[in-house]
Amino acid sequence: MKKLLDRVRGGERDAVAAPEPGAAPFYLPQGNEIAVFEAASRRRLPVMLKGPTGCGKTRFLEHMAHRLGRPLVTVACHEDLTAADLVGRFLLEGDATVWQDGPLTRAVREGAICYLDEIVEARTDTTVVIHPLTDHRRRLPLDRKSRVVEAHEDFQLVISYNPGYQTVLKDLKPSTKQRFVAIAFDYPDAAAERAIVAQEAGGLPAGVIDSLVAAGRRARRLKDHGLEEATSTRAMVYAAQLMQAGLAPAAACRAAMVHPLTDDPELVAALEEIVDAHFGPDAAPAAPRPADDPPA
Amino acid sequence: MTDRAQPDTPEEEILAQLEAVSYVAHRDACAALPAVRAVEAAGAARWLEAGRELFLRDRDAGRAFWRGTPALAGAFAGLDPWLEQALSLGRVRGAWRAVEGFMAQAGAVRARWGGAGERRWFDLGRRWTVRDAGAGGRYFETPFEALAGAGAGVEALEALLAPAESLGEGGTALGAYLDAALRLRGTVDAGTFARWAARGADVLRAARTRGERYFRLEGEGLDSLFELMPGFSVRRRGRLLRLLLEAWFGAALPEAARAWRESDWRPGGGAAAVETDGRRLWLPAVFPDREAAVLGVLHAAGHLVYGTYEPHALAAEAGSGGPGEGPAEAWTRRCASVTGEADGRFRAVFDLCEDLRVDLRLARRIPGYAKRLQRLARAAPRPSGYAGRLRDALCAGLGALDADHPADALGPRLAPLAAPEATVATAFACARAWFRETGGPEGAETDADGAGPAPAAAFHLPGRGPNAPRPAGAVAAAHAAAAGAGDEGAGEAHTRRPAAVPAGARAGRNPRVESRGAMGGSGARGAGVGSVARVPPSPAPRAPRRGGRAYPEWDYRAQAYREGWARVHDCELREHDAAGAARMWEATAHLRRRLRRALQRQRPVRRAPLRRRPDGEDLDLDAAVDYVVARRAGLAPRPDVYVRRAARGRDTAVLLLADLSTSIMATTPDGGGRVVDRLRAALLVFADALEEVGDPCAVRGFASKYHDGVEYYRIKAFDEPLDADRRARIAGLTGRLASRMGAAIRRAVDELRAAPAQRRLLLILSDGRPADYDDGGDLRYLHEDTRLAMKEARDAGIHAFCVTLDPRAGTYLPAIFGVGHYLVLEDVDRLPQRLPEIYLRLRRGGAA
């Protein structure tokens, strides 16, 4: 009943909550990342997820949190995010002041996985706050309260960052990076990508998914030729979901994989050529699955 | 001396007079006289009188008159009106060619278009002759049917020449116009041609020599035509093709092929098609449409990727040539090995088989390729004769591209092409067997017109051409043209290859006439803006230059920096031109005033909120809460609880880095001055404006000769005022040497790092691609280095922007500077005005 009401109203739940029962969010392993994460988790080591946009970092973490049965607190970092936003601050309540924990503090106290997404976007003082949490001390100093929170034994810190688009000026300091166990992600290979898209947008014919993934991977080659971010697996999933919702394949690809990526007219034209090759009026629906890179 | 009888009739008197002047004239006149008497006995005297006048004015005109008379008298059955017409032409000074052409053609014109048509033909020509005798000559000696177009009437002729009416007393431009009109008819639609001619008329009014060059389709004229022509412009949209090659082929396509050049294809020079030398691609400036462009380029790249031009692929089939045999010669020899001579038919059959093989492979790689190609083939008009049969065979073959079993669909003869292991040798063998058996595709159609290589090659689809590699000479010429139209070498490249004029238009020309060269100068140089000519690595040993600052240079081949490879020497400019500076100061006064006003008015006012201020317009809520909390807690916090929205101070430093290589000494494309003059004015105006506005501004120039000789010129430093001395330096700027841009950028970044500002802008003024004497012709080397230098600049927090005068910059600057980080100024004259706009744009986007 509560779930139904939540769905109607847009439910609100506590940020620190155990994973919902049921199957874990779908994640298709590409390598040994699950083993690495589990090992790090057993030893409570902080983890850094590196990889391009939309390759599955966040999904991986959701999957792992579910698998490990831990609450997950996600903080999307932005350039105005200060240390106080993470740690907490005093608020006025009537005539008194009350301390309000920030998401990081709550995760530390309650033994959650705290996920700082795109940490480089945050102001530099935030990275200083997390230092004592990432080594053997595992504690969070609350300067304003003159207190220290010892981390719950299940607390784990995870950060993500995308080594591509930020400038060197914004990069993490080597001293910060060294404190983490790093797992590098990249876009999955073609077969895995097909499986992912098929899973996320169930019910699409295999031929359509083959073409969609082929088109997306083809478009990915235009990165570094004006395309700042390559076509992501997530974009392909979105396109597939649009198709599932009844949109024509070519239109779905345009909406999810062309226009969000670039405003450059020539790039748009090139991407549309690729989409049309796979989904345009000329595309042969029964075409054999295109090989990734046929030998020259 | 013998006694002569006194002439008793006017005719005899004239004949006697002629005899005294010229034996030949007398003889010719006597020979033609009976024909005149036969049609109009009473007119003989009138005729002789006219002939004498013509002859005395110009012997050539007279001779043409005598000799042409019998035919005209017969054709017109009398002396009118042609006698008067010839005479009126002959009275124009220097119009002997017009008379000659008139006499030769008037009869045929009358027979074809009747008396009224002949009169209109003559009136048009006479008007031209009066304006310019040479152009009139060109008009009358060009076969009238060629002028009007096959099967068309005099109306078509009038339409052809109508745009020329606005040319005014254009002199030789009329002749050039006629040439251009004939050449472009059939390839360029009437509307485009009229617009092009109208633009040319404007140019001609502005400057006569420029206008003549325009109509000769040199430089500006050609650029303007390419711009106006409908279709797919490679100059504007070439990047799309590049992106598609990248997407579909990626690393499989050699790097050289992705950096194509513009071919020397001109409208009227056959179908626009991709050419290759087996390694690189040459694209025409304009394709008929986007589909032809995309499919043509993909197909040509397919040939490169699938080994059509492998040097040894055909050795087993046709033997290998001697040492030093180029790809083009090898191709010819192989084709000749089948037929015993370079037969265009076998070539075409071979092309057909090889094209099909490549298309089969491409259809497997590129989804939708087969359908698009089939549609293109259906839409293309079918040629006649042998080429038509080839086209039918090609279309049938293309139908197999998306068949489930291509080998079955192709039929037994071509089935081997569909095998995955098929190579160019397979195609060669297929073609040879086919050719030897039946002479290629058979059909009921006669192939009377299919004998030569050109008609057979007409079977190719739009955008595609024969597979024979370009001969080395053509490659070199195009190479020179691509290296930059501004230098003399490129100017020659334009004029070296004579323009292709339709055969019909040339047929009527008299070679003797050509040699008299009445059509004015032909040695005009193409003008334009480009970079230095490519110079091969110097074989002579050279003492390395020491000193200066060492900078690393990126070597893309090694994917590594060459540490300390480039040496940048800070130099003073010796040339000062105080008088020139004063003149420029005066000449730019109006512009500078306008610019200063505009800069002040458009001064960017970014109202970034400053938080936690002791005073301000708004409360800073977070700070206020913190403040209250701290007070409650018994502390004594500073009451910094306001947000201030003050405009940030102008704290931007600009370094203008000007490319001072030789190419800036070129004349501007419109021929109205030199690039360097505009550059000087632009630097002066810009520095003055910034001074007025108060932003720190430095001006630097650079030029280079070899990697250890990059010179970095002090023109104005950040802390120096723009005084008379600095202005004189700017006015004295000249072009020298080449442009090793990467090293200069690194030096400028060093200087900017120390600049007294938070935002730092590096503005590069260039007129061509980075190049140097020792880059060995490898364009990519310095491109890649410059790209890396830009990246370093960005990493150092410096926003860099390039303003270029090179119209071809769109082909390489996006890769170097990134989209949105460069600007191509198509009009050099606007450089001084445009710089402030760019400045404002940079200020907005500059890294804070």
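Just so we're clear, the structure is a prediction, and the values are computed from it rather than from any experiment.

## Side note on the overall build of chain B
Line of reasoning, step 1. Across its full length, chain B carries 37 helices and 16 strands.
Line of reasoning, step 2. The burial tally for chain B puts 48% of its 848 residues in the buried class.

## As for the interface of chain B and chain A
Line of reasoning, step 1. If you look at the interface, chain B gives 30 residues, while chain A gives 32 residues.
Line of reasoning, step 2. Listed by contribution, the elements that provide at least two residues to the side of chain B that touches chain A are α14 (234-249), α16 (290-305), α19 (344-365), α20 (369-379), α31 (621-632) and α35 (779-795) of chain B.
Line of reasoning, step 3. Classifying every residue of the side of chain B that touches chain A gives 16 nonpolar, 3 polar and 11 charged.

## Quick look at the sheet that holds strand β10 (residues 642-644) of chain B
Line of reasoning, step 1. Sheet architecture is open: 3 strands sit in the order β8-β10-β9 (chain B), paired in antiparallel fashion. For this open sheet the edge positions go to β8 (610-613) and β9 (618-619) of chain B, each flanked by a neighbour on one side alone.

## Some words on the nonpolar core
Line of reasoning, step 1. Counting 186 residues, the largest nonpolar core has A:A239, A:C253 and B:V99 as its most contacted members.
Line of reasoning, step 2. In contact with B:V99, other than residues within four places in its own chain, are B:L54, B:A61, B:A64, B:F65, B:A86, B:L89 and B:G90.
Line of reasoning, step 3. Listed in part, the 78 residues of the second largest apolar core include B:L595, B:A653, B:A689 and B:I715.

## Comments concerning the pairing of strand β3 (residues 88-93) of chain A
Residue and element names in this part refer to chain A.
Line of reasoning, step 1. Of the strand pairs in this sheet, β3 and strand β4 (residues 96-101) are connected by 6 bridges, and their pairing is antiparallel. Among the inter-strand pairings, R89 is bridged to a residue of β4, identified as Q100.
Line of reasoning, step 2. A loop of 2 residues connects β3 with β4, the two strands running antiparallel in sequence, and G94 in this loop sits at a positive phi of about 65 degrees.

## Thoughts on the packing of helix α9 (residues 206-220) of chain A against helix α11 (residues 249-258) of chain A
Residues and elements named next belong to chain A.
Line of reasoning, step 1. With their axes 12 Å apart at the nearest point, α9 and α11 run at an angle of 35 degrees to one another. Along this stretch, α9 crosses α11, giving a crossing that reads as right-handed. Of the residues in α11, those touching α9 at V208, L212, A215, G216 and A219 are P249, C253 and M257.

## A short note on the confidence of the model for chain B
Low pLDDT marks stretches whose predicted atomic positions should not be read closely.
All names here are of chain B.
Line of reasoning, step 1. Model confidence for chain B is summarised by a mean pLDDT of 77, while 81% of its residues fall at 70 or above.
Line of reasoning, step 2. When pLDDT is averaged over each element of chain B, α16 comes out on top at 91 and helix α26 (residues 488-496) at the bottom at 34.
Line of reasoning, step 3. Here residues 449-454 is modelled with pLDDT under 50, and outside its nearest four sequence neighbours on either side it reaches 11 contacts, counting other chains as well.
Line of reasoning, step 4. At the level of chain-chain contacts, confidence expressed as ipTM amounts to 0.78, with global pTM at 0.63.

## Details of helix α33 (residues 724-731) of chain B
Line of reasoning, step 1. When we look at burial in α33(B), the residues that qualify are B:R726, B:R727, B:R729, B:I730 and B:A731.
Line of reasoning, step 2. Looking at the packing, one finds that the buried side of α33(B) touches α29 (578-587), α32 (675-693) and β13 (710-716) of chain B.

## Details of the environment of A:D263
Line of reasoning, step 1. Structurally, A:D263 is set in the loop between α11 and α12 (265-279).
Line of reasoning, step 2. Remark: the alpha-carbon pair of A:D263 and A:L227, spanning 36 residues in sequence, is separated by 9.6 Å.

## Remarks on the sheet that holds strand β8 (residues 156-161) of chain A
Across a sheet, strands are paired by hydrogen bonds formed along the backbone, either parallel or antiparallel in direction.
Residue and element names in this part refer to chain A.
Line of reasoning, step 1. Strand order across the open sheet formed by 5 strands is β2-β5-β8-β1-β9, with parallel pairing between neighbours. Each edge of the open sheet carries a strand with a single partner, namely β2 (72-76) and β9 (181-184). Each neighbouring strand pair of the sheet contributes to a mean axis angle of 20 degrees, computed without reference to strand direction.
Line of reasoning, step 2. Of the pairings in the sheet, the one linking β2 to strand β5 (residues 113-117) comprises 5 bridges and is parallel in character. Following the sheet pairing, V73 is matched in β5 by C114.

## Observations concerning the packing of helix α10 (residues 233-244) of chain A against α11(A)
What describes two packed helices is the angle between their axes and the distance between those same axes.
All names here are of chain A.
Line of reasoning, step 1. At a closest axis distance of 8 Å, the pairing of α10 and α11 adopts a crossing angle of 145 degrees. Between α10 and α11 the crossing geometry is right-handed. Between α10 and α11, the residues in contact are A235, M236, Y238, A239, L242 and M243 and P249, A252, C253, A255, A256 and M257, respectively.
Line of reasoning, step 2. Here the residues of the contact of α10 with α11 sort into 12 nonpolar, no polar and no charged.

## Some details on the environment of A:E273
Line of reasoning, step 1. Summarising the element assignment, A:E273 is placed in helix α12.
Line of reasoning, step 2. For A:E273, a count of 23 C-beta atoms within 10 Å corresponds to the buried category.
Line of reasoning, step 3. Considered as a pair, A:E273 and A:A219 are 54 residues apart in the sequence and their alpha carbons are 9.7 Å apart.
Line of reasoning, step 4. Those residues in contact with A:E273 that sit more than four places away from it in its chain are B:L244 and B:V294.

## Section: the pairing of β8(A)
All names here are of chain A.
Line of reasoning, step 1. With 6 of 6 residues buried, β8 lies mostly within the body of the structure.
Line of reasoning, step 2. Of the two faces of β8, the one holding Q156, V158 and S160 and the one holding L157, I159 and Y161 are both buried throughout.
Line of reasoning, step 3. Pairing of strand β1 (residues 47-50) with β8, which is carried by 4 bridges, proceeds in the parallel orientation. Looking at β8, one finds that M48 is bridged to I159.

## Digging into unusual backbone geometry
Line of reasoning, step 1. Cis rather than trans, the peptide bond between B:D80 and B:P81 has omega equal to 0 degrees.
Line of reasoning, step 2. In this structure, A:R138 takes a positive phi of about 50 degrees despite not being glycine.
Line of reasoning, step 3. Assignment of secondary structure puts A:R138 in the loop between α6 (124-134) and β6 (139-142).
Line of reasoning, step 4. Backbone geometry at B:L217 places phi at a positive 60 degrees, although glycine is not the residue there.
Line of reasoning, step 5. Examined against the element boundaries, B:L217 turns out to sit in the loop between α12 (208-215) and α13 (220-228).

Conventions used here
- Per chain, the residues get numbers from 1 upward, laid out in the order the sequence is written.
- Chains and ligands are labelled sequentially in the order written, the chains with letters from A and the ligands with numbers from 1.
- With pLDDT at 70 or above as the cut-off, local features in this predicted model cover only qualifying residues; side-chain atom pairs require 80 or more to be listed or tallied, and sums for whole chains, interfaces and linings still use all residues.
- Strands here mean DSSP runs of E at least two residues long; helices mean DSSP runs of H or I at least four residues long; both are numbered from the N terminus.
- Backbone-placed C-beta atoms define the burial measure: a residue is buried with 20 or more other C-beta atoms within 10 Å of its own, exposed with 12 or fewer, and partly exposed in between.
- Placing a C-beta atom from the backbone of each residue, one calls two residues in contact when those atoms lie within 7 Å.
- Amino acids outside the nonpolar list (Ala, Val, Leu, Ile, Met, Phe, Trp, Tyr, Cys, Pro) and the charged list (Asp, Glu, Lys, Arg) are all regarded as polar, and Gly is one of them.
- Pairing between two strands requires that DSSP report at least two bridges joining them.
- To count as a nonpolar core, a set of buried Ala, Val, Leu, Ile, Met, Phe, Trp, Tyr and Cys residues must be joined through C-beta atoms within 7 Å.
- Lines fitted to C-alpha atoms define the axes, with helix axes restricted to the stretch in contact, and inter-axis angles between N-to-C directions lie between 0 and 180 degrees.
- By definition, turning the near helix anticlockwise from the far helix through less than a right angle yields a left-handed crossing, and turning it clockwise yields a right-handed one.
- The predictor reports its confidence for every residue as pLDDT, a score running from 0 up to 100.

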